[in-house]
Amino acid sequence: MEIKILHIDSNHPILWNQLEQAGFKNEADFTASKDEIEQKIEQYQGIVIRSRFKIDKKFIDNATNLQFIARVGAGLESIDCDYALSKNITLIAAPEGNRNAVAEHSLGMILSLFNKLNQADTEIRKGQWNRESNRGHELDGKTVGIIGYGNMGKAFAKKLRGFDVDVICHDILPNVGDANAKQVTLEELQQKADVLSLHIPWTPETDKMVNADFIASFSNPFWLINTSRGKNVVTADLVQALESGKILGAGLDVLEYEKLSFETLFNDKNTPEAFDYLLKSSKVLLSPHIAGWTFESHERLAQVIVDKIKSLYGKR
C-alpha cells in the first residue's frame, strides 16, 4: 500500500528526500487554509507539521485514513493528542532533535545575565565606560534548579557539568534524576535554587505556573530562564518580582504574548504594560523563540522525524 504524506510546513530537505527514497509519496501544501487542508486530508496516511495551525477534533474527523501526525519540533500541544490516539493515530515528535540547541541557549542566557554582557555592550556603543555598574556574578557555587527533566532538562544539566554548581531537578515523573542532577521535591528546589530554568511543555498543569505565589515560595532571590513555553509564566507577576528584587534577572526565549500579533504589540499604544517593562529593563534578556532554532537542529529535527516515520513502517 502506498503511504501518502502531506507536508504543510517547509523543513530541511533531508526529510522530504529520505522519505521519498524510502518509498513514501510526498506532497506539499504550504499555503492552503486549515479548512482547505481539511477538505483533502482524507487522501493521506500521514501529515508532517510544524506550527501552522492546530490539529483539532474537526481536523481529525476529516482525516479518516490518517495513520500518523509528525510534528517537526519538541512539543505536541498544537494537537488534540487524546482524540488522535483514540482514532489510532500515531503521534511523532522530535525533542531529541533540538535539545542540545536549547541547552546551549539556556546556558548562554545565564552567562549573559550574570555578566551583564548585553547591558555593557549597549552602554559602550553609547560611549559609556561603566565598570562598577557592570560588575557581574560567577556561576560557580550556585545551585541551579531545573523544572522538567526530560530531553531538554537533561541536556541542559549535562552542559552544566563543566561548572562547579549544584544541579537539582523537579519533574512530575519519579526517578528521572541522574548523575547530572539530583531529583528533589518542588519545595526543596524552591528552598535551594539560585537559578531556575524551565524545560516543561505547556499543559493545563503548567499554564501560568510561575505566578506570584510560586515566586514567593522561593527562599532566595533567583534568576529565571524560560526556554519552554511563554504561557507557563505570568508576565505581570514576573515584572513585579523583578521590580522587588525577588527575581534578579530573566532570560526569556518565549513570551506569554506569542500568539498575539507582535506588530501590534510593538505599537506603543497597544503594548501591555508588563511587556513594555521587559523591553526596557536591563535585567531582562529576550530572544524570539529561537533556543531550539539552530542550523544544526534544523537538520537534526528532520532526521529524527524521518527515522521515526521509517521505524513506524518497519523501513530502514
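Just above sits the structure.
Only a predicted model underlies this, so the values are computations on that prediction, with no experimental measurement involved. (Residues numbered from 1 in each chain as written. Predicted model: local features only at pLDDT ≥ 70, side-chain atom pairs only at ≥ 80, totals over all residues. Heavy atoms only, no water.)

1. Some remarks on the overall build of the chain
At step 1: Each helix and strand in the chain was counted, giving 13 helices and 12 strands.
At step 2: Taken over C-alpha atoms, the radius of gyration comes to 21 Å for the chain, in line with the 20 Å a tight globule of 316 residues would show.
At step 3: Reported as C-alpha extents along the three principal axes, the dimensions of the chain are approximately 70 × 50 × 35 Å.
At step 4: Restricting to contacts in the chain with at least 6 residues of sequence separation, those with at least 24 account for 60%.
At step 5: Roughly 16200 Å² of accessible area belongs to the chain as shown, and the carbon and sulfur atoms make up 49% of that amount.
At step 6: Across the chain, the mean location of the 37 positive side-chain charges is 3 Å away from that of the 43 negative side-chain charges. (Helix = DSSP H or I, 4+ residues; strand = E, 2+ residues; numbered from the N terminus. Rg over C-alpha atoms; globule rule 2.2 N^0.38 Å. Contact = heavy atoms within 4.5 Å. Areas by Shrake-Rupley, 256 points an atom, 1.4 Å probe, with all protein chains shown as cover. Lys, Arg positive; Asp, Glu negative; His and termini not counted. Charge placed at Lys NZ, Arg CZ, Asp CG, Glu CD.)

2. Some details on helix α1 (residues 13-21)
At step 1: Along α1, the positions that sit buried rather than exposed are Ile14, Leu15 and Leu19. For α1, the angular spread of buried residues about the axis comes to 125°, placing them on one side.
At step 2: If you follow the buried residues of α1, they end up packed against β1 (4-7), β2 (25-28), β3 (46-49) and α13 (295-312).
At step 3: Of the residues trailing α1, Gly23 is marked for its positive phi of about 100°. (Buried < 20%, exposed > 50% of the residue type's maximum accessible area, 1.4 Å probe, protein only. Arc of directions from axis to C-beta.)

3. A short note on the layout of surface pockets
Empty space among the atoms becomes apparent when a probe as large as a water molecule is rolled across them.
At step 1: Counted as a void, the second largest pocket has a volume near 410 Å³.
At step 2: The set of elements that each furnish at least two residues to the lining of the second largest pocket consists of α5 (95-114), α6 (117-125), β11 (247-252), α12 (273-280) and β12 (284-286).
At step 3: Per-element tally for the lining of the second largest pocket: the top contributor is α6, with 4 residues.
At step 4: Partitioned by chemical class, the residues of the lining of the second largest pocket number 9 nonpolar, 8 polar and 3 charged. (1 Å grid on protein atoms, 1.4 Å probe; cavity = no way out; pocket = protein on both sides within 12 Å on 5 of 7 lines; lining within 4 Å. Points joined across faces, edges and corners; volume = space filled by probe spheres on them. Nonpolar A, V, L, I, M, F, W, Y, C, P; charged D, E, K, R; others polar.)

4. Overview of the pattern of salt bridges
At step 1: Evaluation of the coordinates by the stated rule reveals 16 salt bridges.
At step 2: When the shortest N-O distance is used, the salt bridge between Lys57 and Asp61 registers 3.5 Å. A residue pair is termed a helical-turn pair when its members lie 3 or 4 positions apart in one helix, as Lys57 and Asp61 do in helix α3 (residues 57-62) at 4 residues.
At step 3: Among the residues examined, Lys57 registers a relative accessible area of 42% and is labelled partly exposed.
At step 4: Notably, a salt bridge pairs Asp178 with Lys154, separated by 3.6 Å at the nearest N-O pair. Here the residue Asp178 occupies a position in the loop between β7 (166-170) and β8 (182-183), and Lys154 occupies one in helix α7 (residues 151-159), the gap between them amounting to 24 residues.
At step 5: Among the charged side chains, a network of salt bridges with common partners joins Lys34, Asp35, Glu38, Asp56 and Lys58. (Salt bridge = Lys/Arg side-chain N within 4 Å of Asp/Glu carboxyl O.)

5. Some words on the side chain of Thr235
At step 1: Structurally, the position occupied by Thr235 is in helix α10 (residues 235-244).
At step 2: Residue classification places Thr235 among the buried positions, given a relative accessible area of 4%.
At step 3: Setting aside residues no more than four positions away along its own chain, Thr235 makes contact with Glu256, Tyr257, Ala274 and Leu278.

6. Here we look at α5
At step 1: The end-to-end C-alpha distance of α5 is 28 Å, a good match for the 28 Å that 20 residues give at a rise of 1.5 Å each.
At step 2: In terms of burial, α5 is largely enclosed, as 14 of its 20 residues are buried.
At step 3: Once α5 ends, the next one or two residues include Lys116, with phi positive near 50°. (Expected span 1.5 Å × (residues − 1).)

7. Quick notes on the sheet that holds strand β9 (residues 195-198)
At step 1: The 7 strands are arranged β8-β7-β6-β9-β10-β11-β12 in an open sheet whose pairing can be described as parallel. Across the chains shown, the open sheet's two edge strands, defined by having one partner strand only, are β8 and β12.
At step 2: Summarising the sheet, strand β10 (residues 222-226) and β11 pair through 5 bridges and their orientation is parallel. Bridge pairing links Ile225 to Gly251 in β11.
At step 3: Sheet strands in contact with α7 are β6 (143-147), β7 and β9, and its direction is about 165° off that of β6.
At step 4: Taken strand by strand, α10 contacts β10, β11 and β12, and its axis lies near 140° from that of β11. (Pairing = 2+ DSSP bridges. Axes fitted to C-alpha atoms, helices over the stretch in contact; angles between N-to-C directions.)

8. A look at a positive patch on the surface
At step 1: On the surface, Arg99, Lys158, Arg161 and Arg300 cluster together into a positively charged patch.
At step 2: Tracing the sequence through the fold places Arg99 in helix α5.
At step 3: Relative accessible area serves as the criterion here: at 35%, Arg99 is assigned to the partly exposed category. (Patch = residues over 30% accessible without salt bridge, like charges linked within 9 Å, V, L, I, M, F, W, Y side chains within 5 Å.)

9. Overview of empty space enclosed by the protein
At step 1: Evaluation of the coordinates by the stated rule reveals 1 cavity of 30 Å³ or more.
At step 2: Of the pockets and cavities examined, the largest cavity occupies roughly 50 Å³.
At step 3: The wall of the largest cavity is formed by Asn226, Gly230, Val233, Thr235, Leu238, Leu252, Val254, Leu255 and Glu256.

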